[in-house]
Amino acid sequence: MRKREIIINVQGELLADYFCIMNWTFSLNELDAVAKEFWQLQKDNKVFAFHGAMGAGKTTFILSLCNVIGVNENMSSPTFSIVNEYSYNCEGTPRPVFHIDLYRLKDAEEAIRAGIEDVLHSEHLCFIEWPERAPEIFPEATVHLTLKDIGENLRILSIENQ
């Protein structure tokens, strides 16, 4: 049986209503293997929205995904820059990948003014932390993932469809 989750913000607005379609439980030293397995399951998906509490491992997992796809640059959290752009090689062609952190933004309007909506609809890879800050700007085909820290260096990664 699939687990249904409904997320409502503090104003009582429905943010998400989804069914969990896949999840992994893993330790931090299994992170790279899980990132590789996750990436192998992705087809033409371009936008990945990462939900989870502060410290759940969103940035760490995204950096591991960047390693899996072959980003060879110094990578870091975009908390203060909001968007970090890296490059990876896709079938012999350099392509951009965007790591976006919406934590410091108030709402969708601020995200739009910062150019985030344009990046999300650019057809380039986008990994986004704190998507609940501006849920209405995401493409319909966005893959939503949730990371949870369950203690003892264990995490649960869930992929949802909405």
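Residues numbered from 1 in each chain as written. Predicted model: local features only at pLDDT ≥ 70, side-chain atom pairs only at ≥ 80, totals over all residues. Heavy atoms only, no water.

Draft legend 1. Structural detail: the environment of F127. Within the secondary structure, F127 is located in strand β6 (residues 125–129). For F127, a relative accessible area of 0% translates into the label buried. Each residue touching F127, except ones within four places of it in the same chain, is listed here: W39, F48, F50, I62, L65, C66, V97, F98, H99 and I100. (Helix = DSSP H or I, 4+ residues; strand = E, 2+ residues; numbered from the N terminus. Buried < 20%, exposed > 50% of the residue type's maximum accessible area, 1.4 Å probe, protein only. Contact = heavy atoms within 4.5 Å.)

Draft legend 2. Expanded view of the pairing of strand β3 (residues 47–51). β3 sits mainly inside the fold: five of its five residues count as buried. Pairing analysis gives four bridges linking β3 to β6, with the strands arranged parallel. Across the sheet, F48 pairs through a bridge with F127, a residue of β6. With four bridges joining them, β3 and strand β7 (residues 143–151) adopt parallel strand pairing. When the sheet's bridge partners are listed, F50 is paired in β7 with L145. (Pairing = 2+ DSSP bridges.)

Draft legend 3. Focus on the side chain of E129. As for its placement among the helices and strands, E129 is situated in strand β6. One buried charged side chain, E129, makes no salt bridge at all; its nearest oppositely charged neighbour is K58, positioned 4.9 Å away. Within the local environment of E129, its side chain forms a polar contact with the side chain of T59, the two groups lying 2.7 Å apart. Here H99 takes part through its side chain, which lies 2.6 Å from a polar atom of the side chain of E129. Those residues in contact with E129, other than ones at most four positions away along the chain, are F50, K58, T59, I62, P78, H99, I100, D101 and L102. (Lys, Arg positive; Asp, Glu negative; His and termini not counted. Salt bridge = Lys/Arg side-chain N within 4 Å of Asp/Glu carboxyl O. Polar contact = N/O pair within 3.5 Å; in protein donor to acceptor, adjacent residues only side chain to side chain.)

Draft legend 4. Region of the structure containing the nonpolar core. In terms of nonpolar packing, the biggest core is built from 26 residues, with F50 and F61 touching the most fellow members. Counting only elements with at least two residues in this core, the list comes to β2 (14–27), α1 (31–41), β3, α2 (58–69), β4 (83–90), β6, β7 and β8 (154–161). Considering each element in turn, this core owes the most residues, six residues, to α2. Beyond its immediate stretch of four places on either side in the chain, F61 contacts F26, L31, V34, A35, F38, F50, L147 and L157. Counting residues in each nonpolar core, the second largest holds 18 residues, with I100, L120, C126 and F138 among its members. (Core = buried A, V, L, I, M, F, W, Y, C linked by side-chain atoms within 4.5 Å.)

Interpretation note: all reported values are geometric properties and have no functional meaning in isolation.
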